[in-house]
Amino acid sequence: IIHFINMQLGRVFPLPEPVHVPDAQSSDYTKFKSKHTSIVIDNGSYSCRAGWSGEASPYMSFRGQVGKQRSKLPGSNETTLNVYVGNDMRDADLVKFQAKGAFDSNVVYHFDVQESVLDHVFSRLGVDDSRVSHPILMSEAVCNPNYSRQKMNELLFECYSVPSVCYGVDGVFGLYNNASSSSPSSSSTSSSSPSSLPKHALIINSGHACTHLLPIYNHQFHAINSKRLNVGGFASSELLKKLASLRQPMHRAYLTPTRTNMLKEEHCYMAENYMDELKAYQLGQREDEVHVIQLPFTEVVVNPKTEEEKQKKAQMRKEQGQRLKEFSEKKRREKLEECESRLARYQELQQDFSAVKDARKQGGDDDDEDILDDEDLLARVEAEGLADEDELIAATIDLEDQVKKMKKRMGLLTAEEEKADEDDDDEVHTYPLLDIPDDQLNDTQRREKRKQRFLKNMRDGRVAQKKRKLVDAEKKQAAVKAEEDKRLANPAQYLEELRSKRKSLLDKRDQRVKMKAQLQATSSGSRRTVDRQRLRMLTQLEGEAQSKRKKVDVEDNFGARDEDWQVYLAVTGDSAQDDEDDDEAQIIQLEELLTKHDPEFAAEQQQQQQMNKDNSNSNVINLTNVGTDGASSSSTYVPTARDYQIFLGVERIRVPEIVYQPPMVGVEQMGLTEMIMHTLARYSKEVQDEMSQNVYCTGGNVGFPGFQKRLENELMAIRPFQSVLRVQVARDDPMLDAWRGMSKWSSECNETFKKVSVTRQEYDEMGGHYIKKYFASNEPLPATPSTN
Amino acid sequence: PLSMASKEKGKAPAKRKLSASKDEDVDIMSTGESSRPSKKAPATAGMDAPAPPATTPQQQPFKNPNYKNKHESKKKIWRQLKTILAAENYSSRPVDLPTYTNIEAAISLMPSKKYCDFTGYVAPYRDAKTHMRYCSADLYPIIRGLSDEHVQAYLAVRRANVVLK
């Protein structure tokens, strides 16, 4: 596998930790209250920025997410609903996982969440009136649907009683922010029209949900020629997460959305020429550009043991062993005592039996039956867990044997007993009473007879068992001898046989593993190859059965023979567990023999092990470990820092590239370059020239290093020879660009702002969709015609 | 390490400690020329690590109480963008007006470049069985050895996976 990253890797970086700083409560509301300063809200699908008009930076900037949680008040039974917005949620909070955003792509659709967001904005800004009596300047999507705007107006006017609302496209305001401050000759301080905006320009606004191309024509936003590409920062983050997770699945857990965003911002860059850069990575020329993210990892230090410590350990182990021995001895002794006491009880019972019998006999009860009337005896017998006298006798004999065995094991037999034991085995045991029929014996003799019967059965069983053991041992010996003979007769052939047998077993095992994997595959039922095979088999069998029936008019007696039931095995294809174990045992046996007799085999095995070790070297990223946890199976493996690292190599340029090549993530749209080409083509040549000299990039997703240079290269490729190009990226933070433009405009061009805002009265008269056109607004559309 | 993958997303990393490895050159990203311009943090109070996170109460003085009663029903299902766009009835409008669907960029006229699903390099080859793209011949046995799930995961990156509904 050639695609591993070797030792000389690039810089090592720590894992980014999300920072959580909740938005502060403003304390200077009174200052703005009297002046009725406008509130400027840049409502974006990633984050929301809000603040007072005229300020240089927004007062608050937070993720547009709302999490709700029910909590019980201490002391009472009520539950309150806690609402956490944006920065109030820590990354590790449970609420964060269920957080909801108000956006679907770049359009607001969830107005409950939007309401919470606005609550948050107004309350932190310090509004304490009974209504929000400040004009609002808010951003909306390019060509925002009427429904969305209507709902937003509803929310602002009817819930917060705002005096007036004005909507604008955020990208255009981004240009306003850059242009008005960069051109010193403009008199933008008190003009009523933003003539500071260049006459013709092209804005590339790459945001979270999508990327827009916004042409400025005659100082106005020309909505009809704008274009939207459904790829933005979100798609880039998703791509990074998927790529990193696929390459190193064991570190998937670390790639939360917030972390992935931070990694993307820190480590990804836009290649100036994608094909060249990609080739450079492939040829290994960018090895020092591979960024290594070090995950938290605690080092396990293994100290080499000194002689003392080794001795101490050995001592401890000996002591432990002794303790164990004593413990087991004690246990055995206890068991023996218990058995002996039980034996004594049984013997007592037997004596009592005979005593009762004799008593009854003497009392004239000449009973040949053994049925117990005496409840006392019956109860005692049952207490021991036996049913009747016969079982008692059998159990007694058993127990005597057991006790003898245990004593022998523990070495507690007295010399006499030992001798008796040995003699026992050699003696010929006679059971004279067994031959005499029952009615000729008296009671005691009958009992004796029963005892002797039991003894005989047990002895016979034991003798048979011994014989069987001998026979098995002999057979084994014979087999081993035969093997040896075979080997000596023709060594080469013997080895060949061993090898081929081993190989076939290994193949069978591999086959089984594959089948198991297929069985566990989660694709839909009827499509699994295993299921299809089964179906095929069943239909085949059915077909055979049918044809057979047609030929011979015989009753269907399938199942009469034993072999018929084997079809189940064939159909299900489930190999019994025993087969597996047998095969495994055989493989081990064969390998032992081979290692003993075949010098080459041993060498091969060594080599194989070495290769395996090399392949799973922690310095190498093994692509076949996809889906498995990468740790080695050996128990002596000590994890190093390398096992806790995420590598970002070619991903660094792949991730931002999707804006230029959307098919990389499956979005079937044209990339940025083509979009620009088509948009420019709609204008006259002069306008095109001016536009290509005024290209502005705003939005969070243009923050990648190298974005500007890349865009210049791309433009150069599509513009005519020797045309002038100028690409500008926002001077300061591209994410705050739009808000700053809005703030600037609403304070500097206050007259215009007031004129183009929609007041409460106008909203009531004209409807929720109504807007007035100005340089940064969408195209006003008539109300949605109702469908017939 | 094996237990990491099975834990919840955000919880596990917060509990582990950072290592103090002695010989590692942990180089914190310096704000050089090539790095992103830093964001200007808005004015904030200090860290509040011990205190519970702030909440935004839903009862605010500046909200119209009548409005809230009107929209009290929790069962309100908000229309997704697709539904909204369908309801806008753009097809019955004059063609020269810009609408949300109008301005969507069209499919590209130029053939897209194919990249390897494994490595990201240019992929001249495609596996007919799994439809995965690969950049060199030694990747072929690996691709063939992948299970169905893995193949679909790789294809899902470029939305070429099979989605059964």
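Residues numbered from 1 in each chain as written. Chains lettered and ligands numbered in written order. Predicted model: local features only at pLDDT ≥ 70, side-chain atom pairs only at ≥ 80, totals over all residues. Heavy atoms only, no water.

Asker: I'd like to hear about the overall build of chain A, residue by residue, with values.
Answerer: Within chain A, the secondary structure is distributed over 25 helices and 20 strands. Out of the 788 residues belonging to chain A, those deemed buried represent 43%. Of all intrachain contacts in chain A linking residues separated by at least 6 positions in sequence, the fraction that spans at least 24 positions is 71%. Counting only carbon and sulfur atoms, one obtains 50% of the accessible surface of chain A, whose full area is about 42,500 Å². (Helix = DSSP H or I, 4+ residues; strand = E, 2+ residues; numbered from the N terminus. Buried < 20%, exposed > 50% of the residue type's maximum accessible area, 1.4 Å probe, protein only. Contact = heavy atoms within 4.5 Å. Areas by Shrake-Rupley, 256 points an atom, 1.4 Å probe, with all protein chains shown as cover.)

Asker: Tell me what's going on with the overall build of chain B, and back it up with residues and numbers.
Answerer: A count of helical and extended segments in chain B gives 6 helices and 2 strands. When the helices and strands of chain B are listed from N to C terminus, the series reads α-α-α-α-β-β-α-α. A burial count over chain B gives 32% of its 165 residues as buried. Summed over all atoms, the accessible surface of chain B reaches about 11,100 Å², with 56% contributed by carbon and sulfur.

Asker: How would you summarise the sheet that holds strand 17 (residues 645-648) of chain A if you had to cite specific residues and measurements?
Answerer: Residue and element names in this part refer to chain A. Across the sheet, which stays open at both edges, the 3 strands sit in the order 1-16-17 with mixed pairing between neighbours. Bordering the open sheet on either side are strand 1 (12-14) and strand 17, each of which pairs with just one other strand. The average undirected angle you get between the axes of adjacent strands in this sheet is 30 degrees. In terms of strand pairing, strand 1 meets strand 16 (residues 291-294) through 3 bridges, oriented parallel. Counterpart to P14 in the pairing with strand 16 is Q294. (Pairing = 2+ DSSP bridges. Axes fitted to C-alpha atoms, helices over the stretch in contact; angles between N-to-C directions.)

Asker: Go over the packing of aromatic side chains with me, naming the residues and quoting the values.
Answerer: Each aromatic ring pair is described using two quantities: the centre-to-centre distance and the angle formed by the ring planes. By the definition in use, this model includes 20 aromatic pairs over all chains. Consider the rings of Y274 of chain A and Y115 of chain B, whose centres lie 5.7 Å apart with planes at 85 degrees: the pair is edge-to-face. Note that Y274 of chain A is positioned in helix 8 (residues 274-282) and Y115 of chain B in the loop between helix 4 (81-88) and strand 1 (125-126), a pairing that runs across two chains. One aromatic cluster is present, formed by F173, Y176, W745, F753, Y774 and F775 of chain A through successive ring pairs. The positively charged end of R228 of chain A is found above the aromatic ring belonging to Y100 of chain B, 3.9 Å away from the centroid. Its guanidinium or amino end placed over the ring of Y147 of chain A, R79 of chain B lies 4.6 Å from that ring's centre, counting from NZ or CZ. (Phe/Tyr/Trp six-rings, centres within 6.5 Å; stacked < 30°, edge-to-face > 60°. Lys NZ or Arg CZ within 6 Å of the ring centre and 35° of its normal.)

Asker: Before we move on, can you summarise the confidence of the model for chain B with the specific residues and values?
Answerer: Segments scoring low in pLDDT should not have their predicted coordinates read at a detailed level. Averaged over chain B, the pLDDT score is 71; the fraction of residues at 70 or greater is 63%. Counted against residues more than four places away or in other chains, residues 1-51 of chain B, with its pLDDT under 50, gives 74 contacts. (pLDDT = per-residue confidence, 0-100.)

Asker: Hey, could you go over the pairing of strand 11 (residues 164-169) of chain A for me, with residue numbers and the actual values?
Answerer: Residues and elements named next belong to chain A. Across the 6 residues that make up strand 11, a large majority, 6, are buried. Of the two faces of strand 11, the one carrying S164, C166 and G168 and the one carrying V165, Y167 and V169 are both buried. At this point the chain moves from strand 10 (residues 136-140), through helix 4 (residues 146-160), to the parallel strand 11, and the crossover so formed is right-handed. Note: strand 11 against strand 20 (residues 758-759), 2 bridges, orientation antiparallel. Bridge assignment links V165 to a residue of strand 20, and that residue is V758. (Right-handed = clockwise from strand over helix to strand, strands pointing away.)

Asker: Tell me about empty space enclosed by the protein, residues and numbers included.
Answerer: All names here are of chain A. Under the criterion given, the structure shown has 7 cavities of 30 Å³ or more. Empty space within the largest cavity amounts to approximately 700 Å³. Along its surface, the largest cavity is lined by 45 residues, and G44, S45, D170, G207 and H208 are the ones closest to its centre. Per-element accounting of the lining of the largest cavity gives the leading share, 4 residues, to helix 23 (residues 734-748). Residues of the lining of the largest cavity, tallied by class, amount to 16 nonpolar, 21 polar and 8 charged. (1 Å grid on protein atoms, 1.4 Å probe; cavity = no way out; pocket = protein on both sides within 12 Å on 5 of 7 lines; lining within 4 Å. Points joined across faces, edges and corners; volume = space filled by probe spheres on them. Nonpolar A, V, L, I, M, F, W, Y, C, P; charged D, E, K, R; others polar.)

Asker: With reference to specific residues and values, describe the nonpolar core.
Answerer: Judged by nonpolar contacts, the single largest core of 72 residues is most densely connected at V231, I653, L672, I676 and L711 of chain A together with F118 and M132 of chain B. Counting residues per element, this core draws most heavily on helix 6 (residues 233-247) of chain A, which supplies 6 residues. With residues near it in sequence (within four places) discarded, V231 of chain A still touches A209, C210, T211, I658, V659, P662, V665 and V667 of chain A. Counting residues in each nonpolar core, the second largest holds 44 residues, with C48, V83, F103 and F157 of chain A among its members. (Core = buried A, V, L, I, M, F, W, Y, C linked by side-chain atoms within 4.5 Å.)

Asker: Let's hear about the side chain of S53 of chain A: which residues, and what values?
Answerer: Residues and elements named next belong to chain A. Its location among the elements puts S53 in the loop between strand 3 (47-52) and strand 4 (60-63). Taking relative accessible area as the criterion, S53 reaches 11% and is therefore assigned buried. Among the polar contacts listed, one links the side chain of S53 to the side chain of S746, at a separation of 2.9 Å. Excluding anything up to four places from it in sequence, S53 contacts T37, S38, V40, S743, S746 and S747. (Polar contact = N/O pair within 3.5 Å; in protein donor to acceptor, adjacent residues only side chain to side chain.)

Asker: Explain the side chain of T37 of chain A residue by residue, including any values.
Answerer: Considering the arrangement of structural elements, one finds T37 of chain A in the loop between helix 1 (29-35) and strand 2 (39-43). Residues contacting T37 of chain A, with those up to four places away along its chain left out, are F32, W52, S53, H134 and P135 of chain A.

Asker: Outline the pairing of strand 13 (residues 211-217) of chain A, listing residues and values.
Answerer: All names here are of chain A. With 6 of 7 residues buried, strand 13 is to be regarded as a mostly interior element. Here 7 bridges tie strand 12 (residues 200-206) to strand 13, and the two strands are oriented antiparallel to one another. Along strand 13, the bridge assignment pairs N205 with H212. The turn linking strand 12 back onto strand 13 is made up of 4 residues. Strand direction decides the pairing type here: strand 13 and strand 15 (residues 227-229), joined by 3 bridges, are antiparallel.

Asker: Can you break down the packing of helix 20 (residues 672-680) of chain A against helix 22 (residues 707-718) of chain A residue by residue, with the values?
Answerer: Residue and element names in this part refer to chain A. Relative to each other, helix 20 and helix 22 sit at 50 degrees, their axes nearing to 10 Å. It follows from the interaxial angle that helix 20 and helix 22 lie oblique. The two elements helix 20 and helix 22 cross, and the hand of that crossing is right-handed. Judged by residue contacts, L672, T673, I676 and M677 of helix 20 engage F707, L711, E714, L715 and I718 from helix 22. Grouping the constituent residues of the contact of helix 20 with helix 22 by class yields 7 nonpolar, 1 polar and 1 charged. (Parallel < 35°, antiparallel > 145°, perpendicular 65-115°, else oblique. Left-handed = near helix turned anticlockwise from the far one by under 90°.)

Asker: Could you give an account of helix 20 of chain A, with specific residues and numbers?
Answerer: Extensive coverage of helix 20 of chain A is indicated by the burial of 7 of its 9 residues. Among the residues of helix 20 of chain A, those classed as buried are L672, T673, E674, M675, I676, T679 and L680 of chain A.

Asker: Let's hear about the environment of Q728 of chain A: which residues, and what values?
Answerer: Along the chain, the position of Q728 of chain A falls in strand 19 (residues 727-729). Residue contacts for Q728 of chain A: discarding those within four places in its chain leaves V695, Y696, C697 and Q708 of chain A.

Asker: How would you summarise the sheet that holds strand 6 (residues 79-85) of chain A if you had to cite specific residues and measurements?
Answerer: For sheets, the rule is that strands pair by backbone hydrogen bonds, running either parallel or antiparallel. All names here are of chain A. The strand order across the open sheet built from 3 strands is 6-5-7, with neighbouring strands paired in antiparallel fashion. Edge positions in the sheet fall to strand 6 and strand 7 (100-101), since each of these pairs with one other strand and no more. Across 7 bridges, strand 5 (residues 65-72) lies against strand 6 in antiparallel orientation. Within strand 6, the residue paired with R70 across the bridge is L81.

Asker: Go over helix 6 of chain A, please, and point to the residues and values.
Answerer: Taking 1.5 Å per residue, 15 residues should reach 21 Å; helix 6 of chain A reaches 21 Å between its end C-alpha atoms and fits that length. A large share of helix 6 of chain A lies buried, amounting to 11 of its 15 residues. Within helix 6 of chain A, burial applies to G233, A235, S236, S237, L239, L240, L243, A244, S245, L246 and R247 of chain A. Packed against the buried residues of helix 6 of chain A are helix 7 (257-267), strand 17 and helix 19 (651-657) of chain A together with helix 6 (148-157) of chain B. (Expected span 1.5 Å × (residues − 1).)

Asker: How would you summarise the pattern of salt bridges if you had to cite specific residues and measurements?
Answerer: All names here are of chain A. Taken as a whole and assessed by the stated rule, the structure comprises 35 salt bridges over all chains. We note a salt bridge from K481 to D485, for which the minimum N-O separation is 3.9 Å. Of the two residues, K481 and D485 are both situated in helix 13 (residues 443-489); the distance of 4 residues between them amounts to about one turn of the helix. We classify K481 as exposed; its relative accessible area is 55%. Between D689 and K685 there is a salt bridge, with its nearest N and O atoms 3.6 Å apart. In this pair, D689 and K685 are both assigned in helix 21 (residues 685-693), 4 residues apart and thus about one turn of the helix distant. Several salt bridges converge on common partners, so that one network encompasses K33, D128 and D129. (Salt bridge = Lys/Arg side-chain N within 4 Å of Asp/Glu carboxyl O.)

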